[in-house]
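If you want the building blocks of each chain, they are given just below.
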Amino acid sequence: MHKNAISSGEFAKLCNTSKETLRHYKDIGLLTPRYEAENGYQYYDAEQFYDYYAIAIFKKTGTSLAKIKECMSHQNIPSILKTLSDQQEALIKEKRKIEQMQFVVKNALLNMSMGLYHNPTDSTPQIDFFDKEHLLAVPHNEFSISQEDQDDEDRILISVLRKYKEICDTYNIQTDYQLGAIMSFDSKRITHLYTRVNKTYKNPYYQQKHAGKYLYSIHKGNWDLSATYEKFFSYIKQNHIRTIGDIYAYDLAGFMINGVENNSMTIISIQVV
């Protein structure tokens, strides 16, 4: 037996795995100890660390143990390349899923924290600096809402979500589907519905909400925004505030808590000079 042979326990520690896993791999012929002592104990060679490492990489990408055994047994380069290529695609998809979850969680934390810690007893507009935001803004007239659905909020929401899902699938866009509205300051009419996206996208619906100073107000506790809008517009007029562009209204409560009216939180904002 080689003087540098490694016991199964030591090899398991080196590979950050368990003796049971090594035993299973030995039983199925995937990774067999290289040496056997007179007493029947089996030992690994240090170079077998790379065999285990390859197995671990293949396994983490979703390759079955049978497929891993086939690749490592036959050492067929084209077959290995095909397997690696397939797993690279799987990893790319998994990375996108993780990025999507990170985007959703990050936005939910920021949105709900902003709404929660804002003074609930005072809806007086305030001015603060906002970072830029990437938006997927769809013109209001592009949503397929029939005349009979005009008063059915659930049907309207289904139509809106279908449109966003279609756009996101077409252009490979990541979003949390949290909705906002863009309103013309002059007409006081909603022109677009939007959702935030994670970066700049080249498509007809991408817009950027520019960084800068914004007048904003946070409405909390009920779904009727009319009183807050009225106070918002009056504040602009009375204080002779010069505004830039459109008004943005965005739901801060999110899909996790917006089913209860008392939890509702909406931020209304417009850029100012």
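Every chain begins its residue count from 1, and numbering advances along the sequence as written. Two thresholds apply to this predicted model, a pLDDT of at least 70 for residue-level local features and 80 or more for giving and counting side-chain atom pairs, whereas whole-chain, interface and lining totals are computed over all residues. Excluding hydrogens and water, the side-chain figures rest on all heavy atoms present in the structure.

Please explain the overall build of the protein chain as it appears in this structure.
Strands are runs of DSSP state E lasting at least two residues, helices are runs of H or I lasting at least four, and both sets are numbered from the N terminus onward. Helix and strand counts for the protein chain come out as seven helices and 11 strands. For this measure, only C-alpha atoms enter the radius of gyration; the expected value for a globule follows 2.2 Å times N^0.38, where N is the number of residues. Taken over the C-alpha trace, the protein chain has a radius of gyration of 29 Å; the compact-globule value for 273 residues is 19 Å, which it surpasses by more than 25%. Overall, the C-alpha framework of the protein chain stretches about 95 × 40 × 35 Å when taken along its three principal axes. Exposure categories follow from relative accessible area, calculated using a 1.4 Å probe and restricted to protein chains: below 20% of the type maximum is buried, above 50% is exposed, and the middle band is partly exposed. Taking all 273 residues of the protein chain together, the buried fraction comes to 37%. We get accessible surface area from the Shrake-Rupley algorithm with a probe of 1.4 Å; when it comes to residues, only the shown protein chains can shield them. Carbon together with sulfur atoms contributes 51% to the accessible area of the protein chain, which is approximately 17,100 Å² in total. Put simply, the protein chain has 32 plus and 33 minus side-chain charges, and the middle of one group is 5 Å from the middle of the other. His residues and chain termini do not enter the charge count, which takes Lys and Arg as positive and Asp and Glu as negative. Charge coordinates come from a single atom per side chain, which is NZ of Lys, CZ of Arg, CG of Asp or CD of Glu.

Teacher, can you tell me more about the side chain of His192 here?
Its location among the elements puts His192 in strand 7 (residues 190-197). Judged by its relative accessible area of 19%, His192 falls in the buried class. Definition of a polar contact: a pair of N or O atoms within 3.5 Å, with one able to donate and the other able to accept a hydrogen when the atoms are protein atoms, and with sequence-neighbouring residues admitted only if both atoms are side-chain atoms. Polar side-chain contacts of His192 include one of 2.9 Å to the side chain of Thr191. Contacts are assigned to residue pairs with any non-hydrogen atoms lying within 4.5 Å of each other. If sequence neighbours within four positions are ignored, His192 has contacts with Ala137, Val138, Pro139, His140, Gly180, Ala181, Ile182 and Gln207.

What am I meant to see in the environment of Lys237 here?
Residue position: Lys237 is located in helix 7 (residues 226-238). Taking the relative accessible area as the measure of exposure, Lys237 reaches 68% and is therefore exposed. Separated by 138 residues in the primary sequence, Lys237 and Glu99 place their C-alpha atoms 43 Å from one another.

Could you clarify how one ought to interpret helix 5 (residues 77-117) in this entry?
Turn by turn, an α-helix covers 3.6 residues, leaving residues three or four places apart pointing in a common direction. Given a helix with a known number of residues, its expected span is that number minus one, times 1.5 Å. Taking 1.5 Å per residue, 41 residues should reach 60 Å; helix 5 reaches 59 Å between its end C-alpha atoms and fits that length. Residues of helix 5 that are buried: Thr83, Gln87, Phe103, Val104, Asn107, Ala108, Asn111 and Gly115.

How should I be thinking about the packing of aromatic side chains in this particular structure?
Aromatic ring pairs are reported here in terms of the distance separating the ring centres and the angle at which the planes meet. By convention, a stacked pair of Phe, Tyr or Trp rings (six-membered ring in the case of Trp) has centres within 6.5 Å and planes under 30 degrees apart, an edge-to-face pair has planes over 60 apart, and any other such pair is tilted. A full pass over the atoms with the stated rule returns 11 aromatic pairs. When the centroid spacing of 6.2 Å and the interplanar angle of 70° are considered together, the rings of Phe232 and Phe233 count as edge-to-face. Assessed through its relative accessible area of 0%, Phe232 is described here as buried. The structure contains a cluster of three or more aromatic residues connected by ring pairs, namely Phe185, Tyr229, Phe232 and Phe233. Charge-over-ring contacts are defined here by two conditions on Lys NZ or Arg CZ: a distance within 6 Å of the ring centre and an angle within 35 degrees of the ring normal. The ring of Phe233 is capped by Lys188, whose NZ or CZ atom sits 4.7 Å from the centre of that ring. Between Arg196 and the ring centre of Tyr250, over which it is positioned, the NZ or CZ distance is 4.0 Å.

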